[in-house]
Amino acid sequence: MATAAPSPAIIGKSPNRIDGRKKVTGAADYAADRVLDQMLHGYGVMSAVASASSVKVDPTAALAAPGVVAVYHHGNFPKVYRSSNDWEAQTTVGEVRPPLEDDKVYYAGQFVALVVAESFEQARAASALVQVDYTEEKPIILWNGDLKTEQQDTAKRGDPDAAFAAADVLHQATYWTPSETHNPIETHGAVAQWITDPARGERLRIYSSTQGVIFERNALAEVLGIPKDRVDVLSPYLGSGFGGKLFLWPHTVLASVAARELRRPVKVSVTRADMFTTVGHRPVTKQSLKLAATKDGQLTAIEHDTVCHTSFTDTYLEDCGTTSKALYTAKNLRVTHSVARMNIGTPTAMRAPGSAPGLYALESAMDELAIKLNIDPVELRLKNIADIEQDTGKAWSSNHLRECLTAGAAKFGWSKRNPKPASMRDGDELIGWGVAACSWPADRMSCSARVQIKADGSIRAACATQDIGTGTYTVIAQVVHQLTGVPMAKIDVALGDTSLPPGPISGGSWVTATVMPAVAVATRAALERLKKAAADTGSPLEGAKELTVANGALLDKATGKQAAFADIMQARRLSTLDAEYSTALDDDTTKKYAFRSFGAHFSEVRYDPGIARLRVSRTVSVLDGGRIVNAKTARNQIAGAVIMGVGMALFEQTLYDPKTGRVVNANLADYVVATNADHPDMDIEFLDYPDLHLNEFGARGIGEIGLTGFAASVANAVYHATGKRVRELPISIEKLMA
Ligand code: MOS
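Criteria and thresholds
Residues numbered from 1 in each chain as written. Predicted model: local features only at pLDDT ≥ 70, side-chain atom pairs only at ≥ 80, totals over all residues. Heavy atoms only, no water. Helix = DSSP H or I, 4+ residues; strand = E, 2+ residues; numbered from the N terminus. Expected span 1.5 Å × (residues − 1). Buried < 20%, exposed > 50% of the residue type's maximum accessible area, 1.4 Å probe, protein only. Pairing = 2+ DSSP bridges. Axes fitted to C-alpha atoms, helices over the stretch in contact; angles between N-to-C directions. Salt bridge = Lys/Arg side-chain N within 4 Å of Asp/Glu carboxyl O. Polar contact = N/O pair within 3.5 Å; in protein donor to acceptor, adjacent residues only side chain to side chain. Contact = heavy atoms within 4.5 Å. Arc of directions from axis to C-beta. Core = buried A, V, L, I, M, F, W, Y, C linked by side-chain atoms within 4.5 Å. Left-handed = near helix turned anticlockwise from the far one by under 90°.

J.: Quick question: what am I supposed to make of unusual backbone geometry here?
T.: A negative phi holds for most residues other than glycine; trans holds for most peptide bonds. Here the bond from Leu-729 into Pro-730 is cis, since omega is -10°, no more than 30 degrees from zero. Secondary-structure assignment places Pro-730 in the loop between α15 (710–722) and α16 (733–737). A positive phi angle, near 60°, is found at Ala-352, a position not held by glycine. Here Ala-352 is to be found in the loop between β14 (332–341) and α7 (355–373).

Structure follows, in structure tokens:
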């Protein structure tokens, strides 16, 4: 029997992931785990060259191999359409050109054929028998020769040229970041199945590892030329994605079309090697930074020009300068973004796109400026914190960057730092301390959610968003628990299914801030229906005028009588009470306020010059990410970002052979990511100020912010340790030995 005590608050506590048991016991069904009756396997034949004006594909030998059912290539692949690639219409694709559209090759690792066979092994074996002849062209690979750039956008404030001419102190330098590849544990994969429903016609059901079921459904419908309501996309669990799974990539289209042609389910699983070419990556960036300041350290002008590579099959832009418009105060500013087309697969968003490489450059430049000014780098940042969002003139909804910097400095022991490079030692090791600020937008999208109170008193909450592995299932259950008091174990959450009310892509760090208010409004509406039912004839609370909710029960204030949800539902013979609502941030609020998260990273590096060993030994990260909803999953996010940041700073880079355009380190042995042995002693703190303009819980997202600024804190620490300024990531030991 429920008691009338108020429901225990759970927002901000550390409940375990409600999907945790399913994941560790293998009950969570990932896309490529699906085994369907009569299922076939597709295996790609990928271009061995980076540019070809034509290819001839001879499938004869492959078709004769055991188990092979079909070989698709540009000569026999059914015509599909291009997606409108429209963000507003949620039809965004990774690559506008559909697979096998023509006989041309735009990048090495492009699909030139798909072998479909009874087993994966048969498809893979036969793929080696497909004869491909290329009319090869000289590829344009990376930054060789004359770089042709196309400017995409420019933003300007004040008169930057005049401010640079009049500057007391000027810092100007160029920073480079390498191409990086998303390497989630779960590679991309899709299982496509066409279902014939005599009454409603044919429909596509696709089990796909995607960060956006609605986006993928909309884009697939356009590409296949069928109505959206004839496509079901299911992505209940993801082994992460880092942005690589936001949009539709070629393997999904290939699986869908092959399944339609062959009237059998088809699975196409992307190999680890192909993860480096055909499903996006973070592009190389070349960033020219120019900062002007007065003698006492007031920034007067910022210029941030970015060039990144993009492909010939779409135009992706890494917007490195966006954060530079907002983080610090500077009356004068110019930010430009340009792309250079190359024979490389289309780049895409990777955790904190734009800002992760952008803040490496800006926050390295701030460190260099501080040294020129002879001002402490924490102090320089404190002096230049923007009181308003200068780009739009809006007030910040909530900005606690100042406290991130001061609290972080105190925790780290920054006051003990001797600013002289190579002045701090511990035995053979040089010690360096560096700081950098973090920032990432705090967005909230429109979202629908459905909440159902069931006959047994349990609750189901549903939304067509996804849990990329960050804890979305759990956060939604927390909202329902907070508002109803129904135990977490009796709250069921359904996600990753296009038949549910539409929700956002798991991207941009906006799911938590977006989904929580939608679920809350739907929960309250379902409770209102329950209260009506409870006051009606035959209910234990019949005639009640004012009912309150506590611990999965309703309480009649006037009589002190209470009844559990289940008892009310049973007494009224109700199977379910549903409520579905759509919510969004209102226009008045968006007009008034600018929303961003902030933070500061402090890093300690140790470099032993005798054996050229560099490691990040200790970090302090203080985040202003709004109200923290789940302290455990939140800490996981920042810890994961710091470890990924160690990789970005010291190891990660996708290397292209400048002659052939092929990725030379397309595997997890040669593409080095940070692992357990690399992770520093991490101290992570959340300021936990609710951002109540963004939603009623004050929650923002924290998926990406932890990666921003981190590499700069390491680069700045490396300079402090060694006196060497490395302006090109990763900071490999060769660069320190040079
Ligand atoms: Mo994030 S790069 O929007 O998954």
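J.: Would you mind showing me how to read helix α10 (residues 472–484) here?
T.: Think of an α-helix as turning once every 3.6 residues; residues three or four places apart then point the same way. With 13 residues, α10 extends 19 Å between its outermost C-alpha atoms, agreeing within 8% with the 18 Å of an ideal straight helix rising 1.5 Å per residue. Burial analysis of α10 places 12 of its 13 residues in the buried class, the great majority of the element. All of the buried residues along α10 are Thr-472, Tyr-473, Thr-474, Val-475, Ile-476, Ala-477, Gln-478, Val-479, Val-480, His-481, Leu-483 and Thr-484. One or two steps after α10, the chain reaches Gly-485, where phi turns positive at roughly 75°.

J.: How do you make sense of the sheet that holds strand β10 (residues 231–234) when you look at a structure like this?
T.: Adjacent strands of a sheet form backbone hydrogen bonds with each other and so pair up, either parallel or antiparallel. Across the sheet, seven strands lie side by side as β3-β4-β1-β11-β8-β9-β10; this open sheet has mixed pairing. On the outer flanks of this sheet lie β3 (68–73) and β10, each paired with one strand and no other. If you compare each strand with its neighbour and ignore which way they point, the axes differ by 20° on average. For strand β1 (residues 40–46) and strand β11 (residues 266–269), the ladder comprises three bridges, and the chain directions are parallel.

J.: Got a minute to help me understand the pattern of salt bridges in this structure?
T.: Opposite charge on two side chains allows them to pair when their charged atoms are near. Summed over the entire model, instances satisfying the criterion amount to 35 salt bridges. Across the pair Arg-618 and Glu-604 runs a salt bridge whose closest N-O atoms are separated by 3.3 Å. Of the two residues, Arg-618 sits in strand β28 (residues 613–624) while Glu-604 sits in strand β27 (residues 596–608), which places them 14 residues apart along the sequence. Like Glu-604, Arg-618 is buried. A single network of salt bridges, built from pairs that share partners, joins Asp-426, Glu-429, Glu-604, Arg-606, Arg-613, Arg-615 and Arg-618.

J.: I would appreciate a short explanation of the side chain of His-337 in the present structure.
T.: One can find His-337 in strand β14. By relative accessible area, His-337 is classed as buried at 2%. Engagement of the side chain of His-337 in a polar contact is seen with the side chain of Asp-153, the distance being 2.9 Å. Here Gly-321 takes part through its backbone nitrogen, which lies 2.9 Å from a polar atom of the side chain of His-337. Once residues lying within four places of it in the same chain are set aside, the contact partners of His-337 are Glu-150, Gln-151, Gln-152, Asp-153, Thr-306, Leu-317, Glu-318, Asp-319, Cys-320, Gly-321 and Thr-322.

J.: Sorry, what's going on with helix α3 (residues 120–127) here?
T.: Those residues of α3 not exposed but buried are Ala-123, Ala-126 and Ser-127. Around the axis of α3, the buried residues are gathered within 105° of arc, so they sit on the same side. On its buried face, α3 sits against β1, α2 (60–63), β3 and β4 (111–117).

J.: What am I meant to see in the nonpolar core here?
T.: Generally speaking, nonpolar side chains in soluble globular proteins are found buried as a group. Leu-291, Phe-602, Val-714 and Ile-731 are the most contacted members of the largest nonpolar core, which totals 91 residues. For Val-714, the contacting residues outside a window of four places in its chain are Ser-603, Val-605, Val-616, Ala-649, Leu-650 and Ile-731. Of all hydrophobic cores here, the second largest spans 57 residues; its members include Val-451, Ile-453, Leu-541 and Ala-544.

J.: I'm lost on the packing of α7 against α15 in this one. Help?
T.: Two quantities define a packed helix pair, namely the angle between the axes and the distance from one axis to the other. The interhelical angle for the contact between α7 and α15, taken along N-to-C directions, is 35°, at an axis separation of 8 Å. Seen from above, α7 lies across α15 with right-handed handedness. Across from Leu-359, Tyr-360, Glu-363, Ser-364, Asp-367 and Ile-371 in α7, the residues of α15 making contact are Ala-711, Ala-712, Ala-715, Asn-716 and Tyr-719.

J.: Quick question: what am I supposed to make of the sheet that holds strand β23 (residues 553–556) here?
T.: Strand order in this open sheet of three strands is β22-β23-β24, and the pairing throughout is antiparallel. Edge positions in the sheet fall to β22 (547–550) and β24 (562–564), since each has one partner strand and no second. The sheet shows a mean angle of 25° between the axes of neighbouring strands, direction not considered. This element, helix α11 (residues 511–535), spans β22 and β23 of the sheet and lies at about 125° to β22.

J.: How should I be thinking about the pairing of strand β13 (residues 299–310) in this particular structure?
T.: In the case of a regular strand, side chains alternate between the two sheet surfaces. The element β13 is largely enclosed, with a buried count of 11 among its 12 residues. As defined by bridge partners, strand β12 (residues 285–293) adjoins β13 across nine bridges and the pair is classed as antiparallel. Bridge pairing in β13 links Leu-291 to Ile-302. Connecting β12 to the next strand, β13, in antiparallel fashion are five residues, including Gly-297 with a positive phi near 95°.

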